[in-house]
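# Reading the structure
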Amino acid sequence: MLEIRNLHVQIEDKKILNGLTLTVNDGEVAAIMGPNGSGKSTLSYVIAGKEDYEVLDGEVLLDGRNLLEMDPNERAAAGVFLAFQYPLEIPGVATMSFLKAALNSQRKARGEDELSTPELMKRVRGAAERLQIPQDMLKRALNVGFSGGEKKRMEILQMALLEPKFCILDETDSGLDIDALKIVSDGVNALRGDKRSFLVITHYQRLLNYIVPDTVHVMANGRVVKSGGKELALELEANGYADYRTQAA
Amino acid sequence: MADVTPIRTAAETALAELFPAVKGRLPGDATIAGQRAEAFKSFVDAGLPHRRIEAYKYTDLRALLRDVPPLATEPSADAVEAARQWADPFAGVDALRFTIVDGHVVAGLSDFKLLPDGVEAWPLAAALSAGPVASGLMGRVAPAKSDPVLALNAALMTDGLVVRVRKDVALDRPILVRFLAASGAPSLIVTRILLVVEDGARATLIESHEGAGVAHHANTAVEISCGDDAIVHHLRANASGQAGVDLSTLGVDVGGRCAFTSVAMVTAPSLSRHQIFVRCTGEHSTVTLGGGALLKNRQHADTTLVVDHAVPDCVSRELYKTVLDDEATGVFQGKIIVQQPAQKTDGKMMSQAVLLADGPTMNNKPELEIFADDVQCAHGATCGALDDDLLFYLRARGLPKPEAEALMLRAFVGEALELVDDEAARERLDGMVAAWLAARA
Ligand SMILES: Nc1ncnc2c1ncn2[C@@H]1O[C@H](COP(=O)(O)OP(=O)(O)OP(=O)(O)O)[C@@H](O)[C@H]1O
Ligand SMILES: [Mg+2]
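Residues numbered from 1 in each chain as written. Chains lettered and ligands numbered in written order. Predicted model: local features only at pLDDT ≥ 70, side-chain atom pairs only at ≥ 80, totals over all residues. Heavy atoms only, no water.

## Some points on the sheet that holds strand 4 (residues 54-62) of chain A
Paired through backbone hydrogen bonds, the strands of a sheet run either parallel or antiparallel to each other. All names here are of chain A. This is how the line gets drawn: The criterion for strand pairing is that DSSP finds at least two bridges linking the strands in question. By the criteria applied, helices consist of DSSP H or I runs no shorter than four residues and strands consist of E runs no shorter than two, each listed in order from the N terminus. The contact definition used throughout considers only heavy atoms, calling two residues in contact when any of these lie within 4.5 Å. With axes taken as lines fitted to C-alpha atoms, and helix axes fitted only over the stretch in contact, angles between N-to-C directions fall between 0 and 180 degrees.
Strand order across the open sheet formed by four strands is 2-1-4-5, with antiparallel pairing between neighbours. The open sheet has two free edges, formed respectively by strand 2 (14-24) and strand 5 (65-66), since each of these has just one partner strand. As paired strands, strand 1 (residues 2-11) and strand 4 are joined by seven bridges and run antiparallel to one another. Bridge pairing links Q10 to E54 in strand 4. Sheet strands touched by helix 1 (residues 40-48): strand 1, strand 2 and strand 4. Its angle to strand 1, the strand with the most contacts, is close to 110°.

So, in structure tokens, the structure goes:
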């Protein structure tokens, strides 16, 4: 599904990713953990196509297609979805109109017909119900005045609606209360399948009790320094990152 | 003053020669003729305003107006017929419609006969000759001497509309005035509207300025007198195309416990200036002014407003949004004056601009002039590109860049359109924004 080879990235002359290599297979849930500032969000932005970053070397392939040559919207249409660590507020744009614009842009890019408004409303309402998002939130401007947890749920609603094949969750668990964590995890698990993969960035093992990963990778200083199974997350929870900090330096 | 006596520009000479040549055919009784002559003299004495006149600092009409076309003449039957075919930008708005073609009211395309009880309307030309309201009120709200553009209007106004909404009458359908510049040759079109909304009455006035891409010069004045407890909404839309000049003045007197709102939407023409003078003369009133300007190529649009609080306890709000592309120029000058007796005034003014390229210029000058000590006043101005992080968020969801920008810009201008009370009219203005954005993509 996703193949990252020897990725070197800098921003404003500051080197952030230092030869990162990572493979995520079809249907795999890969968790990424690592200290603050190790480059996890940077990695997610680079995959999604944020322009501020300068890719010095390396490759990012989605099913063999070179993502680095594509615009962010083309990547989205190709199936990349990033649930932002800090979802942005879009004043004046009603959530429902935004969802419609997003979905229809992607469908258009893939040569599919636009979805009718009633069909869209049906899908959005269904997804909102499953994520326990009140219907009246859909009428409000996107994320404006939403609580931290509401914003995160709205990210997952978008993900459910857009049906991407490669989903990046950047600390989606932070800001969620215990019940919401369960609801969101159920939402994510419902989307798991052979043809859909996930990159789950988190600081807390607890999320991984709900969204059980196939692989766990430790990131430090802009590279993957250790990979293992789900037990690696438990080990990190117990021992912290001390070993990896020194190892990567 | 160190200024040398300025040599008249070609435009000034044309204007100076115009009035003596046409005054014989301008409507009005002897009193009006006298007022015209006086207004003309004050224009000639001052000349076209230039950048050293503070109010015209960023819109130097002496430099920008190269010529002045001849005064518009009454449209031919063919021209009227052609104008009748134009699509009404406010179609779908249930309004009383009045049509002014090339500066002349077309009675056959105007709802003079459909007015409800308590509402009277006259073509301005008729009112100037025999008008029961006009001679007394004309020029009282917006005095000709106060501004050279207004003085020109007072001297040369050919026609327009006088509307009176009697005490306690709630006129629920908007009065929609369509100004159609139909003549194929450029002309100077000088019109005026006088709207008198008496105590306790309600009215909505919509101005729709339409054209077919001919470089006309328009000079429009709108005077609105709001009695005590009146509720008055005013809308102005100009989507007349890229060519020509549009100079407009809105003068408003606001009585006590009133709500007055005015929103202007501009995508045309090449050079425009909309000046607004609002005076709060009665306590406990709320004045809300707003607007959106979408400009491209080398368009220049100026909004200059003065809200004068003469009495205590009034609220004023101003929200202006400017979107500039290519090498366009936007100007916002806003002044809130709080006179010494106007304690407890609550005034907030904001002008925001988005630049879509490196070429545009935005001149923002919000000002407060406060002589009272117990007031709450604030102003702000912002100017910058669209937020890259927001754009990325939208693009990461699949929106191509032009569509992401359009969504953000529509929301940006939409905030000012929120001030429009009439939903159907607001949708039409939003449609103007959408059309502009679609043409850009
Ligand atoms: N625009 C920028 N300019 C300079 N440095 C930046 C910029 N953006 C990110 N960085 C730096 O890059 C490093 C990696 O940041 P990143 O957000 O990817 O870390 P992270 O692993 O997601 O951390 P966290 O766990 O705190 O979310 C940090 O040191 C950060 O300060
Ligand atoms: Mg991060």
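## Regarding the interface of chain A and chain B
Just so we agree on the cut-off: When two components associate, each loses some accessible surface as probed by a 1.4 Å sphere; the sum of these losses over both components is called the buried area. Salt bridges are identified by distance alone: a Lys or Arg side-chain nitrogen within 4 Å of an Asp or Glu carboxyl oxygen.
Contact with chain A, which involves 33 residues of that partner, is made by 15 residues of chain B. Both faces considered, chain A and chain B share a buried interface measuring about 1900 Å² in area, 66% of it formed by carbon and sulfur atoms. Across the contact surface, chain A and chain B share four salt bridges. Its salt-bridge partner being B:R397, residue A:E155 comes within 2.7 Å of it at the nearest N-O pair.

## Comments concerning the packing of helix 3 (residues 95-109) of chain A against helix 4 (residues 117-130) of chain A
Residues and elements named next belong to chain A. Rules: Geometric relationships in this document are graded by angle, where less than 35 degrees denotes roughly parallel, more than 145 denotes roughly antiparallel, 65 to 115 denotes roughly perpendicular, and other angles denote oblique. Crossings are sorted by hand: turned counterclockwise from the far helix by less than a right angle, the near helix makes the crossing left-handed, and turned clockwise it makes it right-handed. Residues are sorted three ways: Asp, Glu, Lys and Arg are charged, Ala, Val, Leu, Ile, Met, Phe, Trp, Tyr, Cys and Pro are nonpolar, and all the rest, Gly among them, are polar.
Where helix 3 meets helix 4, the axes come as close as 11 Å, and the angle between the chain directions of the two elements is 110°. Judged by the inter-axis angle, helix 3 sits roughly perpendicular to helix 4. Considering only the axes of helix 3 and helix 4, their crossing is right-handed. Contact residues: helix 3 offers M96, L99, K100, L103 and R107, while helix 4 offers T117, L120, M121, R123 and V124. Of the residues in the contact of helix 3 with helix 4, the class split is six nonpolar, one polar and three charged.

## Structural notes on helix 1 of chain A
Residues and elements named next belong to chain A. In plain terms, the rule: Relative accessible area decides the class of each residue, using a 1.4 Å probe on protein chains only: under 20% of the type maximum gives buried, over 50% gives exposed, and in between gives partly exposed.
Summarising burial for helix 1: nine of the nine residues are buried, a large majority. Along helix 1, the residues classified as buried are K40, S41, T42, L43, S44, Y45, V46, I47 and A48. Note on helix 1: the residue one or two positions beyond its end, G49, has a positive phi of about 105°.

## What to know about the coordination of the magnesium ion (ligand 2)
Note the following rule: Sites may look incomplete, because water is not among the atoms used; the donor set itself consists of N, O and S atoms within 2.8 Å of the metal (3.2 Å for Na, K and Ca).
Coordination of the magnesium ion (ligand 2) by the protein is provided by A:S41 (OG) and A:Q85 (OE1), with metal-donor distances spanning 2.0 to 2.2 Å. In this pair, A:S41 sits in helix 1 while A:Q85 sits in the loop between strand 6 (80-83) and helix 3, placing the two residues 44 residues apart along the sequence.

## Comments concerning the layout of surface pockets
As a reminder, the rule being used: Site definitions follow a grid-based scheme: protein atoms alone, a 1 Å grid, a 1.4 Å probe that fits but cannot get out for cavities, and for pockets an open set with protein on both sides within 12 Å along at least five of seven lines, plus lining residues having an atom within 4 Å of a point. Grid points are joined across faces, edges and corners, and a volume is the space filled by probe spheres set on the points.
In this structure, the largest pocket occupies an estimated 750 Å³ of space. Put simply, the parts of the chain that give the lining of the largest pocket at least two residues each are helix 3 of chain A together with helix 9 (401-417) and helix 10 (423-440) of chain B. Ranked by the residues each element gives to the lining of the largest pocket, the list is headed by helix 9 of chain B, at eight residues. For the lining of the largest pocket, the per-class residue count stands at eleven nonpolar, five polar and eleven charged. In this structure, the second largest pocket occupies an estimated 460 Å³ of space. B:L64, B:R66, B:V245, B:S270 and B:L271 are, among the 19 residues lining the second largest pocket, the residues nearest its centre. Split into classes, the residues belonging to the lining of the second largest pocket amount to nine nonpolar, six polar and four charged.

## Re the pattern of salt bridges
All names here are of chain B. Considering all chains together, one arrives at 43 salt bridges over all chains under this definition. A salt bridge links E120 to R166, with the nearest nitrogen and oxygen atoms 2.9 Å apart. Placement of the pair is E120 in strand 3 (residues 119-123) and R166 in the loop between strand 4 (159-165) and strand 5 (175-181), with a sequence separation of 46 residues. For E120, a relative accessible area of 22% puts it in the partly exposed group. Take R166: its relative accessible area is 33%, and that puts it in the partly exposed class. Where K321 meets E415, a salt bridge forms, and the shortest distance between an N and an O atom there is 2.8 Å. Here K321, found in strand 15 (residues 315-324), pairs with E415, found in helix 9; they are 94 residues apart in sequence, far enough to count as distant.

## As for the pairing of strand 2 of chain A
Residues and elements named next belong to chain A. Across eight bridges, strand 1 lies against strand 2 in antiparallel orientation. For I11, the partnering residue across the bridge sits in strand 2 and is K14. Adjacent in sequence and paired antiparallel, strand 1 and strand 2 are bridged by two residues, among which E12 carries a positive phi angle near 40°.

## Focus on the sheet that holds strand 3 (residues 29-33) of chain A
Residues and elements named next belong to chain A. With respect to topology, six strands assemble into an open sheet ordered 6-7-8-3-9-10, the strand pairing being mixed. Each edge of the open sheet carries a strand with a single partner, namely strand 6 and strand 10 (223-228). In this sheet, adjacent strand axes meet at a mean angle of 20° when their direction is disregarded. Strand direction decides the pairing type here: strand 3 and strand 9 (residues 215-220), joined by four bridges, are parallel. Within strand 9, the position partnered with I32 by the bridge is H217. The sheet contacts of helix 5 (residues 148-162) involve strand 6, strand 7 (166-170) and strand 8 (197-201), and relative to strand 6 the element is tilted by about 165°.

## Quick look at the site of ligand 1
Residues and elements named next belong to chain A. Stated formally: Being near a molecule or strand, for a residue, means having at least one of its heavy atoms within 4 Å of it. Counted as a polar contact is a pair of N or O atoms within 3.5 Å, where, for protein atoms, one must be capable of donating a hydrogen and the other of accepting one, and residues adjacent in sequence contribute only when both atoms are in side chains. Calculation of accessible area relied on Shrake-Rupley with a 1.4 Å probe; when residues are assessed, cover is drawn exclusively from the protein chains displayed.
Around ligand 1 there are 15 residues in total, and K14, K40, S41, T42 and H203 lie nearest to it. Residue N36 places a side-chain N or O atom 2.9 Å away from an oxygen atom belonging to ligand 1. When isolated, ligand 1 has an accessible area of 640 Å², and the protein chains bury 67% of it. Looking at the shell around ligand 1, the elements that each hand over two or more residues are strand 2 and helix 1.

## Brief notes about the packing of aromatic side chains
Under the convention used in this document: Only the six-membered ring of Trp is used, alongside the rings of Phe and Tyr, when aromatic pairs are assigned; centres must lie within 6.5 Å, and planes under 30 degrees apart are stacked while those over 60 apart are edge-to-face, with the rest tilted.
Inspection of every chain in the model, using the stated rule, returns nine aromatic pairs over all chains. Geometrically, the ring pair formed by A:F98 and B:Y393 is stacked, given 6.2 Å between the ring centres and 10° between the ring planes. Placement of the pair is A:F98 in helix 3 and B:Y393 in helix 8 (residues 388-396), with the two residues belonging to separate chains. Taken as a pair, A:F98 and B:Y393 share a single burial class, namely buried. Between the aromatic rings of B:F19 and B:F40, the centroid separation amounts to 4.5 Å while the plane-to-plane angle is 25°, which identifies the pairing as stacked. One end of the pair, B:F19, is in helix 1 (residues 10-22); the other, B:F40, is in helix 2 (residues 30-46), and 21 residues separate them in sequence.

## Description of the confidence of the model for chain A
Inclusion rule: Every residue is assigned a pLDDT by the predictor, reflecting its confidence on a scale from 0 to 100.
For chain A, the mean per-residue pLDDT works out to 93, and 98% of the residues sit at or above 70. Mean pLDDT across the elements of chain A bottoms out in helix 9 (residues 242-248) of chain A (68) and peaks in strand 6 of chain A (98).

## Comments concerning the environment of A:P72
One can find A:P72 in helix 2 (residues 72-78). Residues in contact with A:P72, not counting those within four places in the same chain, are A:A48, A:G49, B:F392, B:R395 and B:A396.

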